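# Structural description and commentary
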Amino acid sequence: MQNYPIFVDLKNQPCLVVGAGPVALRKIRLMYSAGAKITVIAPEICAEITDEFDAGLTYHERTFRDTDIKGYRLITAATNDPMVNKRVSELANAINVPVNVVDEPELCSFITPSIVDRSPVLIAISTGGGAPVLARLLRAKLEAFIPASYGKLAHSMSKARDRLKKIVPIERDRRIFWERIVQGPTAEKFFSGRASEGELALDRALEEAANPDQKNIGEVWLIGAGPGDPDLLTFRALRLMQQADVVLYDRLVSEEILNLTRRDADRVYVGKKRAEHAVPQGDINQLLVDLAKEGKNVVRLKGGDPFIFGRGGEEIELLAANDVPFQIVPGITAASGCATYAGIPLTHRDHSQSCLFVTGHLKNGTVDLNWELLSTPNQTVVIYMGLVGLPTICEKLIQHGVSGDMPIALVQQGTTQNQHVFTGTLSTMNDKIAGKNVQAPTLIIVGSVVSLHSSLAWFDPTA
Ligand code: SAH
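If you tally the helices and strands in the protein, you get 17 helices and 19 strands. The globule rule puts the C-alpha radius of gyration for 463 residues at 23 Å, and the 30 Å found for the protein is more than 25% above it. Judged by the C-alpha coordinates and their principal axes, the protein covers about 90 × 65 × 40 Å. Counting over 463 residues, the protein shows a buried share of 44%.

Below you can see the structure in the form of structure tokens.
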């Protein structure tokens with residue numbers, strides 16, 4: 001190990017910053033937020049520093065002198081004069097005070113890491129000063145992966161520590177308790193911005209720990225799994241999927257995505273093919289309630305977005321009526337996924353100012369849409385579940401005044417390795433796909449934006 005990592009308590013500690021430009025400002029900000037009493041020495045102090053900190057710092061507006069070095073816990077040199085930086089480093093080292101010279105690792109006795117700040121949780125990343133860009137890259141990854149509300153969770157956990165110690169005397173049991181909290185619905189409440197509900201859940205968990213006979217209720221997570229490519233899952237979807245006790249999924253959810261759920265979770269197929277439901281909708285709704293009441297954390301995985309032609313609303317109505325806690329995670333809907341992966345912008349200033357999402361499959365098996373609305377110029381129409389109704393759709397649009405030359409695309413299994421995009425016009429499309437054995441699911445896009453596909457297509461798994 002090149003360096004020994006520590007976190008230093010700078011509260012009310014005298015610290016010296018030599019230099020007062022933008023680089024110094026960044027260092028001052030961090031030290032200041034850690035509570036340091038900062039003295040700044042520089043011939044010119046930039047206005048940003050005085051504006052931001054005003055009387056919060058001590059300023060000496062002059063060049064650095066050797067005698068300035070005494071009396072500090074930590075010293076930082078951030079001047080643009082290499083001689084001054086070097087001198088500060090020598091003097092500080094001579095009296096054994098830790099010194100950092102910005103961007104000069106060989107003059108430093110300590111270096112400052114890249115940080116992810118979820119105070120009181122603080123993650124420090126260092127590459128020993130040698131590859132700060134790499135540290136920043138890692139930092140960006142962690143920033144994206146660690147919910148902003150981690151700090152709030154950590155704070156609540158630290159408040160509850162003493163109480164838990166009284167309730168659960170054995171250390172190992174306390175560790176199990178905390179593992180359950182940080183990997184379960186309580187933490188998720190914090191992560192979804194509902195800190196006060198999270199506090200309540202933590203309270204309840206503590207009560208349950210005190211009265212272990214009480215049975216707790218699970219939570220249902222209605223999760224949009226996106227159109228197929230597992231990379232299009234959201235961070236929250238993935239996190240919740242990895243905490244599931246049971247997963248209910250239907251046909252649109254691929255094996256690859258299912259494999260990202262917790263390995264020992266039970267999987268229940270409640271599939272759905274066109275007009276053929278493996279489990280009737282009412283039974284699915286009830287199953288979600290029953291499983292949660294058994295104390296299980298249930299993931300209900302849906303293709304695309306649960307609130308777009310996904311019956312997500314129906315499924316959670318019963319949960320709400322039964323006071324089963326639930327969360328909904330949006331997913332990338334087929335329209336967005338297929339359009340982007342086919343290089344067809346759904347709106348475009350030269351083509352289309354609005355976009356309609358409609359379903360081509362009605363309960364009674366007919367296609368009965370508002371054709372007048374669908375035939376409005378300068379818009380894009382996206383039709384879900386439209387393959388069977390395709391001949392009717394083309395015919396009706398032409399009847400309602402849309403040109404037979406209007407471009408139309410059919411995206412088969414969009415975003416997956418089996419994606420195939422068929423394009424044509426309202427007059428030619430049916431003939432074009434005849435005998436092509438088009439595989440469900442497919443999405444239809446009608447509008448002049450489809451003409452952009454030939455130049456903007458970028459995703460071709462067959463290439
Ligand atoms: N909730 C889903 C839609 C469910 S309805 C969502 O938001 O995407 C099912 C229809 O979605 C299918 O008939 C098809 O039209 C469309 N669909 C879903 N995934 C698709 C995919 N990968 N490629 C093409 N169409 C898809």
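Within the secondary structure, Ala 409 is located in strand β17 (residues 407-412). Classification of Ala 409 as buried rests on a relative accessible area of 0%. Separated by 27 residues in sequence, Ala 409 and Val 382 have C-alpha atoms that sit 9.6 Å apart. Ignoring any residue separated from it by four or fewer positions in sequence, one finds Ala 409 in contact with Ile 344, Val 421, Phe 422, Thr 423, Met 429, Leu 443, Ile 444, Ile 445 and Val 450.

Quick look at the packing of helix α11 (residues 281-293) against helix α12 (residues 312-321) now. Between α11 and α12, whose axes approach to 9 Å, the crossing angle comes to 45 degrees. With respect to α12, the axis of α11 lies oblique. Crossing geometry of α11 relative to α12 is assigned as right-handed. Counted together, Gln 281, Ile 284, Asn 285, Gln 286, Leu 288 and Val 289 of α11 and Glu 314, Glu 315, Leu 318 and Leu 319 of α12 form the full contact between these two elements. When its residues are assigned to classes, the contact of α11 with α12 shows 5 nonpolar, 3 polar and 2 charged.

The sheet built from 5 strands is open, its strands ordered β3-β2-β1-β4-β5 with parallel pairing. Lying at the two open borders of the sheet, with one neighbouring strand each, are β3 (58-60) and β5 (99-101). On average, each strand axis in the sheet is tilted by 15 degrees relative to the strand beside it, whichever way the strands run. Where strand β1 (residues 14-18) meets strand β4 (residues 74-77), 4 bridges bridge the pair, whose relative direction is parallel. By the bridge assignment for β4, Leu 16 is matched with Ile 75. Its contacts with the sheet place helix α3 (residues 82-94) against β1, β4 and β5, and it is angled at close to 165 degrees to β5.

Another aspect to go through is the domain arrangement of the protein. By the assigned domains, the protein splits into domain 1 (14-112), domain 2 (150-210), domain 3 (220-332) and domain 4 (335-456). Here the C-alpha centre of domain 4 lies 28 Å away from the C-alpha centre of domain 3. In this assembly, 9 residues from domain 3 lie in contact with 14 residues from domain 4. One can count 0 salt bridges joining domain 3 with domain 4. Where domain 3 touches domain 4, the interface holds 2 residue pairs in polar contact (both at pLDDT 80 or more). Among the residues forming the side of domain 3 that touches domain 4, the class breakdown is 6 nonpolar, 1 polar and 2 charged.

If you trace the backbone, Asp 305 turns up in the loop between β13 (298-302) and α12. One buried charge, Asp 305, has no salt-bridge partner; the nearest side chain with opposite charge is Lys 302, at 10.0 Å. At 3.1 Å, the side chain of Asp 305 forms a polar contact with the backbone nitrogen of Gly 331.

Along the chain, Leu 248 turns up in strand β9 (residues 246-249). Owing to a relative accessible area of 0%, Leu 248 belongs among the buried residues under this scheme. Taking the C-alpha atoms as reference points, Leu 248 and Val 270, 22 residues apart in sequence, are found 6.4 Å from one another.

For the structure on display, the rule yields 9 aromatic pairs. Ring centres 5.2 Å apart and planes at 75 degrees place the aromatic pair Phe 177 and Trp 178 in the edge-to-face group. By the ring-pair criterion, three or more aromatic residues cluster together here, those being Phe 309, Phe 357 and Tyr 384.

A few words on the nonpolar core. A general trend in soluble globular proteins is that nonpolar side chains are found buried together. Judged by nonpolar contacts, the single largest core of 22 residues is most densely connected at Leu 374, Leu 390, Leu 397, Ile 408, Leu 410, Ile 444 and Val 446. Of all the elements in the fold, those that place two or more residues in this core are β15 (354-359), α14 (371-374), β16 (379-384), α15 (390-399), β17, α16 (429-433) and β19 (442-446). Apart from the residues within four sequence positions on either side, Leu 374 is in contact with Leu 356, Val 358, Leu 369, Gln 379, Val 381 and Leu 397. Counting 20 residues, the second largest nonpolar core, distinct from the first, contains Ala 24, Ile 45, Ala 78 and Val 102.

A word on the site of the ligand. Residues in close proximity to the ligand total 18 residues, the closest being Pro 227, Ile 308, Thr 333, Gly 414 and Thr 442. Here Gly 303 contributes a backbone N or O atom positioned 3.0 Å from a nitrogen atom of the ligand. With respect to the ligand, the backbone of Asp 305 contributes an N or O atom lying 2.8 Å from an oxygen atom. In the complex, the protein chains occlude 92% of the 540 Å² of accessible area that the ligand would expose alone. Counting residues per element, the ones that place at least two in the shell around the ligand are α13 (334-342) and β19.

Here we come to the sheet that holds strand β10 (residues 266-269). Pairing is parallel across the open sheet formed by 5 strands, whose spatial order is β10-β9-β13-β8-β14. The sheet is open, and its two borders are formed by β10 and β14 (326-329), each paired with just one other strand. Adjacent strand axes in the sheet meet at a mean angle of 15 degrees when their direction is disregarded.

Residue alternation in strand β6 (residues 114-118) divides its side chains into a buried set, Ser 114, Val 116 and Arg 118, and an unburied set, Ile 115 and Asp 117. Of the pairings in the sheet, the one linking β6 to strand β7 (residues 121-125) comprises 5 bridges and is antiparallel in character. Each residue of the ladder has a partner; that of Val 116, found in β7, is Ile 123. Hairpin connection between β6 and β7: a loop of 2 residues separates the two successive antiparallel strands.

Cut-offs applied
- Residues numbered from 1 in each chain as written.
- Predicted model: local features only at pLDDT ≥ 70, side-chain atom pairs only at ≥ 80, totals over all residues.
- Heavy atoms only, no water.
- Helix = DSSP H or I, 4+ residues; strand = E, 2+ residues; numbered from the N terminus.
- Rg over C-alpha atoms; globule rule 2.2 N^0.38 Å.
- Buried < 20%, exposed > 50% of the residue type's maximum accessible area, 1.4 Å probe, protein only.
- Contact = heavy atoms within 4.5 Å.
- Axes fitted to C-alpha atoms, helices over the stretch in contact; angles between N-to-C directions.
- Parallel < 35°, antiparallel > 145°, perpendicular 65-115°, else oblique.
- Left-handed = near helix turned anticlockwise from the far one by under 90°.
- Nonpolar A, V, L, I, M, F, W, Y, C, P; charged D, E, K, R; others polar.
- Pairing = 2+ DSSP bridges.
- Domains from an automatic or database assignment.
- Salt bridge = Lys/Arg side-chain N within 4 Å of Asp/Glu carboxyl O.
- Polar contact = N/O pair within 3.5 Å; in protein donor to acceptor, adjacent residues only side chain to side chain.
- Lys, Arg positive; Asp, Glu negative; His and termini not counted.
- Phe/Tyr/Trp six-rings, centres within 6.5 Å; stacked < 30°, edge-to-face > 60°.
- Core = buried A, V, L, I, M, F, W, Y, C linked by side-chain atoms within 4.5 Å.
- Near = heavy atom within 4 Å.
- Areas by Shrake-Rupley, 256 points an atom, 1.4 Å probe, with all protein chains shown as cover.

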